[in-house]
Amino acid sequence: MSIGPITLSVPHRLRLSARISDYVELTKPRIVLLELVTVIVGMYLAAPGQLTAGLLAATVIGTTLTAASASILNQWLERDRDGRMERTADRPLPTGRIGAGEAVFLGAATFAAGIVTLALGVNWSTALVGVLCWTIYVVAYTPMKTRSTLNTAIGAASGALPILMGWTAGGGSFDLVALGLVGVLYLWQFPHFMAIAWLYRRDYAAAGYQMATVDDPSGLRAGAIAVSGALALLPISLVPALAPHSGSPLVYCVWAVILGLLQLATASMFLAARNDQSARRLLRASLVYLPCWLGLLLMVNL
């Protein structure tokens, strides 16, 4: 008699686990985690050693909910096009594992909860930056992807703003240092996304997305954008050395330049070769640059 309930409960547990996994996938957890890291670094830079557990918790929860909402609604808007691309065809919405109406409800609920948490638990400045970040990603960037190659320039703004959320959450003002932090994250995305745009150019073309590598299959435009972004990043990356709590600005500047030159070198190699190997090299370089730069910021502000 005891075997029956156990046998019936296993499929139920598996279905529940799969359902939870689909919800998590809908939020794009890797992007959310990256945003959280930049938010926490921004908070620490604004107020090193002065953050309370309550403020940190409210900022993390509010940011997580707001970022999750943006990802959910982005996938809802792109569900049909995701179904045309090999790398996204198995997502919960294109496969029907999660319904469109359910996704809209989740996206709206998490957005409202996230902004309220930021406004009441952190401050209004952080909440407003959160609204701006969400709006750019969902309202501007997502539809722009099918209309213009300028979508990368729009989307990069959304990816750059989370560090400003952390900065304002820690009590920082909208000053030159804040602009420098945002500027680094903004410019970093151009080499990063040009590498991705090249590697997945066929997928983007199949889905009808207007990417530089689709509009110019030779890759010359994408390579030029990658190099321009990496080149502009070099001087902008020096601005955070002006942070009021920076203890080793010279050390920061030296390593920031080294990191920037390494990324510029890989971007130049991509422009010269324009193949999958050089694109992967550039992608790896960009993935190395970001955590190293964030770590450098923390190190010189300890």
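Just above, that's the structure.
The structure reproduced in this document is the subject of the present report. As the structure is a prediction and not an experimental result, all values here were calculated from the model.

What follows deals with the packing of helix α10 (residues 176–199) against helix α15 (residues 276–300). α15 packs onto α10 with a crossing angle of 160° between their chain directions and a minimal axis gap of 8 Å. In terms of axis orientation, α10 runs roughly antiparallel to α15. The element α10 and its partner α15 pack so that their crossing is left-handed. Residues Leu181, Val184, Leu185, Trp188, Pro191, His192, Ala195, Ile196, Trp198 and Leu199 of α10 lie in contact with α15, whose contacting residues are Asp276, Ala279, Arg280, Leu282, Leu283, Ser286, Leu287, Tyr289, Leu290, Trp293 and Leu297.

A separate point is the packing of aromatic side chains. Aromatic ring pairs are described here by two measures, namely the spacing of the ring centres and the angle between the planes. Tallying each qualifying case throughout the model produces 5 aromatic pairs. Lying across the ring of Tyr209, Arg81 places its NZ or CZ 6.0 Å from the centre. The cationic tip of Arg87 hangs over the ring face of Tyr200; the distance from NZ or CZ to the ring centre is 4.5 Å.

Take the pattern of salt bridges next. Under the criterion given, the structure shown has 8 salt bridges. Between Glu25 and Arg97 there is a salt bridge, and its shortest N-O distance comes to 3.6 Å. Of the two residues, Glu25 sits in helix α1 (residues 3–26) while Arg97 sits in the loop between α5 (92–95) and α6 (100–121), which places them 72 residues apart along the sequence. Assessed through its relative accessible area of 30%, Glu25 is described here as partly exposed.

This next bit is on unusual backbone geometry. One non-glycine residue with positive phi stands out, namely Lys28, at about 50°. With respect to the element layout, Lys28 can be found in the loop between α1 and α2 (29–46). Taking the relative accessible area as the measure of exposure, Lys28 reaches 14% and is therefore buried. Of note in the backbone geometry, Arg274 takes a positive phi value of approximately 50° without being a glycine. For Arg274, the location among the structural elements is in the loop between α14 (249–273) and α15. When its relative accessible area of 25% is taken as the criterion, Arg274 is described as partly exposed.

Analysis parameters
- Residues numbered from 1 in each chain as written.
- Predicted model: local features only at pLDDT ≥ 70, side-chain atom pairs only at ≥ 80, totals over all residues.
- Heavy atoms only, no water.
- Axes fitted to C-alpha atoms, helices over the stretch in contact; angles between N-to-C directions.
- Helix = DSSP H or I, 4+ residues; strand = E, 2+ residues; numbered from the N terminus.
- Parallel < 35°, antiparallel > 145°, perpendicular 65-115°, else oblique.
- Left-handed = near helix turned anticlockwise from the far one by under 90°.
- Contact = heavy atoms within 4.5 Å.
- Phe/Tyr/Trp six-rings, centres within 6.5 Å; stacked < 30°, edge-to-face > 60°.
- Lys NZ or Arg CZ within 6 Å of the ring centre and 35° of its normal.
- Salt bridge = Lys/Arg side-chain N within 4 Å of Asp/Glu carboxyl O.
- Buried < 20%, exposed > 50% of the residue type's maximum accessible area, 1.4 Å probe, protein only.

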